[in-house]
Amino acid sequence: MDRILVTGALGQLGTELVVALQGKYGSENVFATDIHTPLNNNFEGNFLTLDVLDKRSISELIRRHDITQIYHLAAILSANAEKSPELAWRINMDGLINILELAKEHHIQKVYWPSSIAVFGPDCPKDITPQNTIMNPRTIYGITKLAGEKLCAYYNAKFDMDIRSLRYPGLIGHGALPGGGTTDYAVEIYHAALKDAKYTSPIAADTALPMMYMPDAVRATLELMDAKKEYLTVNTSYNLAGISFTPSEIAKSIQKSMPDFIINYEPDFRETIASSWPNSIDDSAASNDWKWKVAYDLDGMTREMISHLKKKLPPVNVY
Ligand code: NAD
Ligand code: SER
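Residues numbered from 1 in each chain as written. Chains lettered and ligands numbered in written order. Predicted model: local features only at pLDDT ≥ 70, side-chain atom pairs only at ≥ 80, totals over all residues. Heavy atoms only, no water.

1. Observations regarding the overall build of the protein
Which entries qualify depends on this criterion: Under the scheme used here, helices are H or I runs from DSSP no shorter than 4 residues and strands are E runs no shorter than 2 residues, and both carry numbers assigned from the N terminus. Note that the radius of gyration is over C-alpha atoms, with the globule rule given as 2.2 Å times the number of residues to the power 0.38. Each residue gets one of three labels from its accessible area relative to the maximum for its type: buried under 20%, exposed over 50%, partly exposed in between, using a 1.4 Å probe on protein chains only. The contact criterion used throughout is that any non-hydrogen atoms of two residues lie within 4.5 Å. Using a 1.4 Å probe, the Shrake-Rupley method yields the accessible areas, and only the shown protein chains count as cover for residues. The convention is simple: Lys and Arg are positive, Asp and Glu are negative, and His and the chain ends are not counted. We put the charge of a Lys on NZ, of an Arg on CZ, of an Asp on CG and of a Glu on CD.
Within the protein, the regular secondary structure consists of 11 helices and 14 strands. Its C-alpha atoms give the protein a radius of gyration of 19 Å, within 12% of the compact-globule value 20 Å for 319 residues. With the C-alpha coordinates aligned to their principal axes, the bounding extent of the protein is approximately 55 × 45 × 40 Å. When each of the 319 residues of the protein is scored for burial, the buried share is 57%. A separation threshold of at least 6 residues defines the contact pool for the protein, and within that pool the share at least 24 residues apart is 80%. Surface accessibility of the protein: about 13600 Å² in total, with carbon and sulfur atoms responsible for 51%. Distance between charge centroids for the protein: 2 Å, based on 31 positive and 38 negative side chains.

2. Observations regarding the site of ligand 2
Condition: For this purpose, a residue is taken to be near a molecule or strand whenever a single non-hydrogen atom of the residue falls within 4 Å of it. N or O atoms within 3.5 Å of each other form a polar contact, as long as, within protein, one can give a hydrogen and the other can take it, and as long as residues adjacent in sequence are counted only when both atoms are side-chain atoms. Only Asp, Glu, Lys and Arg are considered charged in this grouping, and only Ala, Val, Leu, Ile, Met, Phe, Trp, Tyr, Cys and Pro are considered nonpolar; every other residue, Gly among them, is considered polar.
Taken together, Leu77, Ser78, Ser116, Tyr141, Gly170, Gly181, Thr182, Thr183 and Trp277 form the complete shell of residues around ligand 2. Note that an oxygen atom of ligand 2 is positioned 2.7 Å from one of the side-chain N or O atoms of tyrosine 141. Coverage of ligand 2 by the protein amounts to 93% of the 230 Å² it exposes when considered alone. Residues of the shell around ligand 2, tallied by class, amount to 3 nonpolar, 6 polar and no charged.

3. Regarding the environment of alanine 81
The topology assignment puts alanine 81 in helix α3 (residues 78-83). Spatially, the C-alpha atom of alanine 81 lies 8.5 Å from that of glycine 181, the residues being 100 residues apart in sequence. Aside from chain neighbours lying at most four places away, what touches alanine 81 is Ile76, Ala88, Ile140 and Tyr141.

4. As for the sheet that holds strand β2 (residues 30-34)
Stated precisely, the cut-off is as follows: DSSP calls a pair of strands paired once it identifies at least 2 bridges connecting them. The angle between two axes is taken between their N-to-C directions and runs from 0 to 180 degrees, where each axis is a line fitted to C-alpha atoms and a helix contributes only its stretch in contact.
An order of β3-β2-β1-β4-β5-β7 is seen for the 6 strands of this open sheet, with the pairing classed as parallel. Looking at which strands have only one partner, the edges of the open sheet turn out to be β3 (46-49) and β7 (163-164). Of the strands in this sheet, β1 (4-7), β2 and β4 (69-72) are in contact with helix α1 (residues 12-25), which crosses β2 at around 165°.

5. Some words on the side chain of arginine 167
With respect to the element layout, arginine 167 can be found in strand β8 (residues 166-168). Polar side-chain contacts of arginine 167 include one of 2.9 Å to the backbone oxygen of glutamine 131.

6. Brief notes about the site of ligand 1
Residues in close proximity to ligand 1 total 28 residues, the closest being Gln12, Leu13, Asp34, Tyr141 and Leu171. For ligand 1, a nitrogen atom lies 2.9 Å from a polar atom in the side chain of aspartate 51. With respect to ligand 1, the backbone of leucine 171 contributes an N or O atom lying 2.8 Å from an oxygen atom. Within the complex, 95% of the 830 Å² of free accessible area of ligand 1 lies under protein. Sorting the residues of the shell around ligand 1 by element identifies α1, β6 (115-116), α5 (140-159) and β9 (170-172) as the ones contributing at least two each. A class-by-class count of the residues in the shell around ligand 1 yields 16 nonpolar, 9 polar and 3 charged.

7. Remarks on the nonpolar core
Note that soluble globular proteins tend to have their nonpolar side chains buried in a common cluster. Note the cut-off: The criterion is simple. A nonpolar core is a set of buried Ala, Val, Leu, Ile, Met, Phe, Trp, Tyr and Cys residues joined through side-chain atoms within 4.5 Å.
Core analysis: the largest hydrophobic core is formed by 46 residues, its most contacted members being Ile172, Tyr190, Phe245, Ile250, Ile254, Phe261 and Met301. Secondary-structure elements contributing two or more residues to this core are α4 (85-105), α5, α6 (185-196), β11 (209-213), β13 (243-245), α8 (247-255), α9 (269-274) and α11 (298-312). Ranked by residues supplied to this core, first place goes to α6 with 7 residues. Other than its neighbours up to four places away in sequence, tyrosine 190 contacts Ile172, Ile250, Ile254, Leu298, Met301, Thr302, Met305, Ile306 and Leu309. One finds Ala9, Tyr168, Leu232 and Ala286 within the second-largest nonpolar core, a separate group that totals 35 residues.

8. Describing unusual backbone geometry
With phi around 50°, aspartate 66 is a residue other than glycine that occupies positive phi space. Relative to the helices and strands, aspartate 66 is located in the loop between α2 (55-64) and β4. In this structure, isoleucine 128 takes a positive phi of about 45° despite not being glycine. Along the chain, the position of isoleucine 128 falls in the loop between β6 and α5. Judged by relative accessible area, isoleucine 128 falls into the exposed class, the value being 52%.

All we've got here are geometric facts, nothing functional implied.
In structure tokens, the structure reads:
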């Protein structure tokens with residue numbers, strides 16, 4: 001029987017991935033953890049407080065609950081990482097090596113660890129960025145993700161482990177507020193549209209970024225983890241394309257149902273990060289190896305985001 005540990009479970013991705021894992025493996029077999037505690041201690045399923053820098057506590061949790069798979073999500077995202085690079089290095093790298101070492105020691109069957117389009121830098125081809133190309137990330141977050149990819153590949157090869165990974169685009173969901181990334185604007189814009197009918201974008205009007213609606217990201221994660229190991233040809237992290245759009249295009253998509261919505265632009269340091277990342281991604285390796293196919297386009301995502309957020313405004317964070 002599979003018993004799943006999720007780190008960073010109260011974040012934007014964890015909030016929705018945990019529900020999917022609970023549905024797949026049974027709530028009793030999923031152990032959601034985070035350094036924070038859930039708001040009002042209100043969490044459906046098993047929840048434990050856990051710092052990914054506390055190796056001894058992670059080891060004890062794995063042993064006590066007979067964990068067989070780990071989804072290691074805890075990280076500091078790109079915009080916050082630029083404000084605290086040393087902290088980002090510690091959490092993103094020391095946290096990952098703790099998980100990999102413990103996965104080796106406890107003979108964990110499978111580990112999932114997310115990478116990001118942030119592994120690419122300004123020297124990469126900007127359009128349909130290939131799986132394998134020059135990387136040279138400029139952000140500390142991207143550097144930790146690229147180093148993390150190499151570390152996972154090393155553990156896979158050296159210790160015959162099964163660690164799988166996706167380079168997510170910017171993730172957009174209504175389940176939780178985002179946690180300090182450059183692509184957060186594409187979530188905030190929906191909240192602002194419903195609350196104030198206006199939004200000031202920290203990203204320039206015509207800067208395109210690869211993005212993905214959360215149900216696609218969750219499905220991609222589960223499909224990759226279910227794929228037969230012998231079909232996987234990428235030993236680092238799979239490129240994953242979704243929907244590529246600019247702030248001006250997402251605003252137009254919102255205006256289709258909210259014609260009074262206004263967008264302004266005040267690009268800040270996040271524009272520098274965004275313009276160092278690809279416009280769009282080539283995910284043909286994922287399509288070939290495990291039949292990946294995105295489901296949502298921009299207008300489809302906009303319709304769902306507005307419909308879900310309307311039911312639960314004002315937005316609240318999960319901790
Ligand atoms: P998030 O910032 O929303 O959540 C991260 C969670 O990690 C938070 O709940 C935080 O409390 C927790 N955390 C921080 N430090 C911790 C520590 N020391 N120990 C335990 N928990 C700690 O991030 P997210 O959007 O949910 O991202 C999850 C993963 O997916 C990250 O690895 C991120 O790099 C990756 N990713 C996310 C995106 C995106 O657009 N959201 C894109 C690419 C990759
Ligand atoms: N969406 C993330 C960020 O902006 C990229 O991994 O940090």
